[in-house]
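Close look at the chain arrangement
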Amino acid sequence: MKYSLKLARTGIFTFDDVVSITGNRDKADKTIASLLRSGEVRRIKRNLYTYVNAQTLEDCSSRYIIGSNITDSSFISYHTAFEFYGYYNQVFYEVQVSSVKKFQSFSYGEYDYYYFGTNSLKQVEVIQDVRVTTIERTIVDSINMLGKVMDVEELVKCIDLVDRVNEDRLKEMLLEYDKDILYRKAGYFLSFFKEDLNISDSFFVFLKNHSNCNNIGYLSHNEIRKLEFVKEWGLYAYKDLKKIVSKGGDIDV
């Protein structure tokens, strides 16, 4: 087909993309209908399509690229960002996507694409055509949404695979949200990875200077197992997060 090669180069496209190539909406409608009938493309959702690899018959667009193209501001975040960076080694069929513009969560193929609202586009990078949060923002965002995007054990296992972080980037995102409870949760959580991630003492001083540890909070309200009060951070939390990994998930040791 006349326009197939141009569209195939994009891998993933919208109706407006086809209009820009064909020159008008009527030709765009006919082009998409023809491509769908021939099996050259598949409809992901309303107004979003992916080309199909003619040899493997698999989508040309990965779940990460799909998530990056749901809206003009969508990007891969939370659990799925850890997966993208290779910091999670099990199959996970939920694709967590943040976006300034709202969209309805949907299913396509094996995966469920979930919307998470955000007002911040800080530390969103483009890597191999995928818009994804930096590892530092991924860590801060996941601590901030603990219990909603993943549980404590999953987050520990993800961070345990990370080999380095940039403290300035961590600080930037913490200041972006500027929440007392988040400073304290980050301090508690990252204190267990201080040596592994080579985090300086000054970083924890920064956290304490921006928080009120006289307040009392919970690491995650979704966790029902035994908690103890950690005075340093004013949190009800666990004895030793690292033992989740070393003891195969037995958090109460």
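Presented here is a report on the structure given in the accompanying data block. (Residues numbered from 1 in each chain as written. Predicted model: local features only at pLDDT ≥ 70, side-chain atom pairs only at ≥ 80, totals over all residues. Heavy atoms only, no water.)

Quick word on the overall build of the protein
What counts is decided by this rule: Each helix corresponds to a stretch of at least 4 residues labelled H or I by DSSP, and each strand to a stretch of at least 2 residues labelled E; elements are numbered beginning at the N terminus. Think of it in three bands: with a 1.4 Å probe and only protein chains considered, a residue is buried below 20% of the maximum accessible area for its type, exposed above 50%, and partly exposed in between. We call two residues in contact when some of their heavy atoms are within 4.5 Å. Calculation of accessible area relied on Shrake-Rupley with a 1.4 Å probe; when residues are assessed, cover is drawn exclusively from the protein chains displayed. For the purpose of counting charges, residues Lys and Arg are taken to be positive, whereas Asp and Glu are taken to be negative. His and the chain ends are not included. For charged residues, the charge sits on one atom: NZ in Lys, CZ in Arg, CG in Asp, CD in Glu.
When helices and strands are counted, the protein shows eleven helices and twelve strands. Overall size of the protein, expressed as C-alpha extent along the three principal axes, is 65 × 35 × 30 Å. Among the 253 residues that make up the protein, the fraction classed as buried is 47%. Sequence-distant contacts, at least 24 apart, represent 56% of the contacts inside the protein between residues at least 6 apart. Entry remark: accessible area of the protein is about 13000 Å², with carbon and sulfur atoms responsible for 45%. Taking the average place of the 34 positive charges on the side chains of the protein and the average place of its 36 negative ones, the gap between the two points comes to 5 Å.

Here's the deal with the pattern of salt bridges
Stated precisely, the cut-off is as follows: When a carboxyl oxygen of Asp or Glu lies within 4 Å of a side-chain nitrogen of Lys or Arg, that pair is called a salt bridge.
Counted by the stated rule, this structure contains twelve salt bridges. Across the pair Glu125 and Arg169 runs a salt bridge, and its minimum N-O distance is 3.0 Å. Of the two residues, Glu125 is situated in strand E8 (residues 124-127) and Arg169 in helix H8 (residues 167-177); the sequence distance between them amounts to 44 residues. Under the relative-accessibility criterion, Glu125 is labelled partly exposed at 27%. Via salt bridges that share partners, Glu125, Glu136 and Arg169 belong to a single interconnected network.

Observations concerning helix H6 (residues 135-144)
Counting buried positions along H6 gives nine out of ten residues, so the element sits mostly inside the fold. Of all the positions in H6, only Ile135, Glu136, Arg137, Thr138, Ile139, Val140, Asp141, Ser142 and Ile143 are classed as buried.

Points about the layout of surface pockets
We apply this condition: A cavity here means a set of 1 Å grid points, computed over protein atoms only, where a 1.4 Å probe fits but cannot escape. A pocket is an open set with protein on both sides within 12 Å along at least 5 of 7 lines, and lining residues have an atom within 4 Å of a point. Grid points are joined across faces, edges and corners, and a volume is the space filled by probe spheres set on the points. Here the term charged refers only to Asp, Glu, Lys and Arg, the term nonpolar to Ala, Val, Leu, Ile, Met, Phe, Trp, Tyr, Cys and Pro, and the term polar to all other amino acids, Gly among them.
Put simply, the largest pocket is a space of about 490 Å³. Across the lining of the largest pocket, the residue classes break down as six nonpolar, six polar and nine charged. Of the volumes computed, that of the second largest pocket is approximately 210 Å³. Surrounding the second largest pocket, Glu58, Asp59, Ser61, Ser62, Arg63, Ile66, Tyr108, Gly109, Glu110, Tyr111 and Tyr113 form its lining. Residue assignment for the lining of the second largest pocket shows that the elements contributing at least two residues are helix H4 (63-68) and strand E7 (111-117). Across the lining of the second largest pocket, the residue classes break down as four nonpolar, three polar and four charged.

Considerations on the sheet that holds strand E10 (residues 217-218)
Our working definition: Criterion used throughout: strands pair if DSSP finds at least two bridges between them.
Read from one edge of the open sheet, three strands run E10-E12-E11, paired in mixed fashion. Both outer strands of the open sheet, E10 and strand E11 (228-230), are each paired with one neighbouring strand and no more. The pairing of E10 with strand E12 (residues 235-237) spans two bridges and is classified as parallel. The residue of E12 that forms the bridge with Tyr218 is Tyr236.

With respect to the sheet that holds strand E1 (residues 12-13)
Whenever strands of a sheet pair, they do so through backbone hydrogen bonds, lying parallel or antiparallel. Rule in force here: Axes, fitted as lines to C-alpha atoms, cover a helix only where it is in contact. Angles between the N-to-C directions of the axes lie from 0 to 180 degrees.
Strand order in the open sheet formed by three strands is E1-E3-E2, with antiparallel pairing between adjacent strands. Each edge of the open sheet is held by one strand with a lone partner, namely E1 and strand E2 (41-45). Across the sheet, helix H3 (residues 25-38) lies against E1, E2 and strand E3 (48-51), angled at about 110° from E2, the strand it touches most.

As for the nonpolar core
Considering soluble globular proteins, one finds that nonpolar side chains tend to be buried as a cluster. To keep things clear, this is the line we draw: By nonpolar core is meant a set of buried Ala, Val, Leu, Ile, Met, Phe, Trp, Tyr and Cys residues that side-chain atoms within 4.5 Å join together.
Ranked by internal contacts, the top residues of the largest apolar core, which has 44 residues, are Phe82, Leu174, Tyr188, Phe189, Phe203 and Leu219. Those elements that place two or more of their residues in this core are helix H5 (78-84), H6, helix H7 (152-159), H8, helix H9 (180-191), helix H10 (201-209) and E12. At six residues, H9 tops the list of elements feeding residues into this core. In contact with Leu174, other than residues within four places in its own chain, are Val140, Lys179, Leu182, Tyr183, Ala186, Phe203, Phe206 and Leu207. One finds Phe84, Phe106, Tyr111 and Tyr113 within the second-largest nonpolar core, a separate group that totals 19 residues.

Concerning H3
Applicable threshold: Each residue after the first adds 1.5 Å to the expected span of a helix. As used here, the arc is the angular range of directions from the helix axis to the C-beta atoms. For the purposes of these results, a polar contact is taken to be a pair of N or O atoms within 3.5 Å, where, inside protein, one atom must be able to donate a hydrogen and its partner to accept one; residues adjacent in sequence count only when each atom of the pair is a side-chain atom.
The end-to-end C-alpha distance of H3 is 20 Å, a good match for the 20 Å that 14 residues give at a rise of 1.5 Å each. Taken together, the buried positions of H3 are occupied by Ala28, Thr31, Ile32 and Leu35. Seen end-on, H3 carries its buried residues on one side only, within an arc spanning 95°. In H3, those exposed residues whose orientation departs by more than 90 degrees from the buried face are Lys30 and Arg37. For H3, the capping residue at the N-terminal end is Asn24, with a side-chain oxygen 3.1 Å from the backbone nitrogen of Asp26. After H3 finishes, the residue Gly39 shows a positive phi value of roughly 85°.

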